[in-house]
Amino acid sequence: MRTDGRYTLGLNINLHDASAALLRDGRLVRLVEQEKVSRRKHALGQPPTDAIRELLAAEGITAASLEAVAVGWDLRRTPLGRSRRLTPEALRKTLFPHDDDLTLPPLTWVPHHLAHAASAYYPSGESDAAIIVIDGAGESQCSTIAHGRDGRIEILREWPISQSLGFFYAAASKWAGLGEWGAGKLMGLAAYGRAGGEIPLHGRPDGYELLLPDAPPEAGSSSGIPRMGFPAAYDQAVRRAFGCHYPYASRAGEDAIAYADFAASVQSALEDAVLGLATYARERTGASALVLAGGVGMNCSMVGRLLRSGLYDRIYVPPVPTDVGVSLGAAIVEARDAGVFTPEPIDHAYWSLGISAAQAGAAVTEAGLVSLALDEARLAALAGDAVADGRVIAWARGNGEIGQRALGARSLVADPRDRRTLERLNVIKGREMWRPVAPSVLHEHIGELIATPTGSPASFMLAAGAVRPAMRQVIPAVTHVDGSARPQDVDRATNPGYWSMIDRFRQRTGVPAVVNTSLNLAGEPIVNTAAEAVDTFLRAKDIDLLILADRVVARAPSELPEPAEG
């Protein structure tokens, strides 16, 4: 058991997306999302208890080794905090229920948007950067502009929750029948439509303005915010606004494509608003780099437009811009204030729990499957050949990704040259047929496929770009209806096994990209453990092979391919 080092535990404790991040001597060692341990999507209503347990076990320490705990909310200023006793003992019982003798380390409450800002600014590698945070709500704000300079963050301007872009987009997702958590679906649907109509959100040179009819001035204030949504008065005002746009009523079971123009209008309005924020931030800070955090930062079409605008020389979005990331940001703030933090760029997402060869072997044996262990070169070659031959493979190796994107650690991989791949994957995952999938592209070749800049956000599949016209017929499975794609830029240094598999596919086909979508089925979080990867493989009969740690796994001996030469 480790006892050396100063450990800081960062937490997101609120009503969704609970997480735990661990810093050792001011450096990130691991981040675990509660949903990936509890298997409850978004961990609704759950504290990060299970995430903390797995985090400490992976590092080989106990809670007694922690010297500080930081929370990415000042819960004392929220309805949740005011309704609960936030005493050290009450928190100890919630977060460490089996450590009756534990004295909770000193607790730091970090304002939510400061935690978001820290999670993006310090890992960006930039000394001087404009910072924009956009989400549903912090303690009393929904959008924040700040300036990161020489290791310090200065808040410049905030917008009240009544102007929430996050809540606005979530309400639009509900209106289109895609659910409260359907922001990604709405973004995908928008590509099928044409923007227009009466959307009461307007970008301005000094930010944006959200004009809701008959909304009380304090609608959306921090008092009374329920679970993920917003006060009833705000909800009603949004619905009246949306009713002015075709089809003039909320979706009630008809095909979602009827709401494509509505989705396009909402998406266009959001992009205009964020462009206004980015313009204002550039003028206020004079910085040539922008870092972006908050749940709205997941909107890759919006990030792509920011990149194309040329407002900034560089844009950085962390792999966890959502509330998951405030555990990291809070831990960084505490460690920096304690004088033990040295900024280190975060250029990969592989900070979650790992899958070992022993765990893979045990899961395969338990399930009665067959497998063959191979060295790195032969495993990559076999997998690349299988994809080139039209097979769908599940790929679960090494440390898992943090965040909502599968990035070659817990992925479903297939051939982008066949348009039918899109339908096949959507059937496997139980998704709507109109939803797109994305390509993982070798870093050295991304310019051959994508014509517009995607920059460092593409490392985490967080920026959309235009597929070159000549390549749209080459990779139709990953080219969306508007000619765009959401590429992952795969760097050999950060994921050599995944890079080698794609390179083998390139050698076979001439195409330096594969389809990559998350390894999970409908309504489930991304696979975390070896046992979960095996279970998903068994339930999804159309997945042909499973690459698990150091082995290729099949359902029967006859389905195991011959090992390829590396």
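Our subject is the structure that appears above.
This structure is a prediction, so every number in the text was calculated from the model and none was measured.

Right, let's talk about the overall build of the protein chain for a bit. Of regular secondary structure, the protein chain possesses 17 helices and 22 strands. Taking 566 residues into account, the globule formula puts the C-alpha radius of gyration at 24 Å, and the protein chain, at 23 Å, falls close to it. Dimensions of the protein chain, computed from C-alpha atoms along their principal axes, come out at roughly 65 × 60 × 45 Å. Out of the 566 residues in the protein chain, the part that is buried amounts to 59%. Accessible surface, the protein chain: about 20900 Å² in total, of which carbon and sulfur atoms supply 49%. Across the protein chain, the 57 positively charged side chains and the 65 negatively charged ones have centroids separated by 2 Å.

Bringing the packing of aromatic side chains into the picture now. Using the criterion set out here, one finds 10 aromatic pairs in the structure. Judged by centre distance (5.5 Å) and plane angle (65°), the ring pair of F168 and F242 falls under edge-to-face. Taken together, the residues F168 in helix α6 (residues 165-175) and F242 in helix α8 (residues 232-242) connect sequence positions 74 residues apart. A single burial state applies to F168 and to F242, both of which are buried. Relative to Y248, the ring of Y246 has its centre 5.9 Å away and its plane inclined at 90°; by these criteria the two rings are edge-to-face. An aromatic cluster is built from F168, W175, F242, Y259 and F262, whose rings are joined through pairwise contacts. Between R157 and the ring centre of Y280, over which it is positioned, the NZ or CZ distance is 5.2 Å. The positively charged end of R555 is found above the aromatic ring belonging to F537, 3.9 Å away from the centroid.

Reading across from one edge, β3-β2-β1-β4-β5 is the order of the five strands in this open sheet, with mixed pairing throughout. Of all strands in the sheet, those bounded by a partner on one side alone are β3 (27-33) and β5 (107-109). Across the sheet, the axes of successive neighbouring strands diverge by a mean angle of 20°, strand direction being ignored. Direction of pairing for strand β1 (residues 7-12) relative to strand β4 (residues 66-71): parallel, over a ladder of five bridges. By the bridge assignment, T8 is partnered in β4 with A68. The sheet contacts of helix α11 (residues 326-337) involve β1, β2 (19-24), β3, β4 and β5, and relative to β1 the element is tilted by about 140°.

Take unusual backbone geometry next. Omega for the bond connecting Y246 with P247 falls within 30 degrees of zero, at 10°, which places this linkage in the cis form. Note on placement: P247 falls in the loop between α8 and α9 (260-285). For A43, which is not a glycine, the phi torsion comes out positive at approximately 50°. Residue placement: A43 occurs in the loop between α1 (34-38) and α2 (49-59).

Under the defined criterion, the tally for this structure stands at 28 salt bridges. As a salt-bridge pair, K185 and E432 come within 3.2 Å of each other at their nearest N and O atoms. On the criterion of sequence distance, the pair formed by K185 in helix α7 (residues 183-190) and E432 in the loop between α14 (420-429) and β16 (438-442) is long-range, its members being 247 residues apart. Its relative accessible area of 23% is what places K185 among the partly exposed residues. A cluster of three or more residues bridged by salt bridges with shared partners is formed by D385, D389, R504 and R508.

The buried fraction of strand β20 (residues 513-518) amounts to six of the six residues, a majority that puts the element mostly inside the structure. Here strand β15 (residues 410-414) runs beside β20; their pairing, made up of four bridges, is antiparallel. Counterpart to A414 in the pairing with β20 is V515.

If you look at the biggest cluster of nonpolar residues, it comprises 103 residues, and the most contacted ones within it are I132, L165, L201 and F262. The biggest single contributor to this core is α9, with 12 residues. The residues touching I132, leaving out its near neighbours within four places in the chain, are T144, I145, L277, A278, A281, L290, V291, L292 and A293. Of all hydrophobic cores here, the second largest spans 63 residues; its members include I450, I502, V527 and A533.

What counts as what
- Residues numbered from 1 in each chain as written.
- Predicted model: local features only at pLDDT ≥ 70, side-chain atom pairs only at ≥ 80, totals over all residues.
- Heavy atoms only, no water.
- Helix = DSSP H or I, 4+ residues; strand = E, 2+ residues; numbered from the N terminus.
- Rg over C-alpha atoms; globule rule 2.2 N^0.38 Å.
- Buried < 20%, exposed > 50% of the residue type's maximum accessible area, 1.4 Å probe, protein only.
- Areas by Shrake-Rupley, 256 points an atom, 1.4 Å probe, with all protein chains shown as cover.
- Lys, Arg positive; Asp, Glu negative; His and termini not counted.
- Charge placed at Lys NZ, Arg CZ, Asp CG, Glu CD.
- Phe/Tyr/Trp six-rings, centres within 6.5 Å; stacked < 30°, edge-to-face > 60°.
- Lys NZ or Arg CZ within 6 Å of the ring centre and 35° of its normal.
- Pairing = 2+ DSSP bridges.
- Axes fitted to C-alpha atoms, helices over the stretch in contact; angles between N-to-C directions.
- Contact = heavy atoms within 4.5 Å.
- Salt bridge = Lys/Arg side-chain N within 4 Å of Asp/Glu carboxyl O.
- Core = buried A, V, L, I, M, F, W, Y, C linked by side-chain atoms within 4.5 Å.

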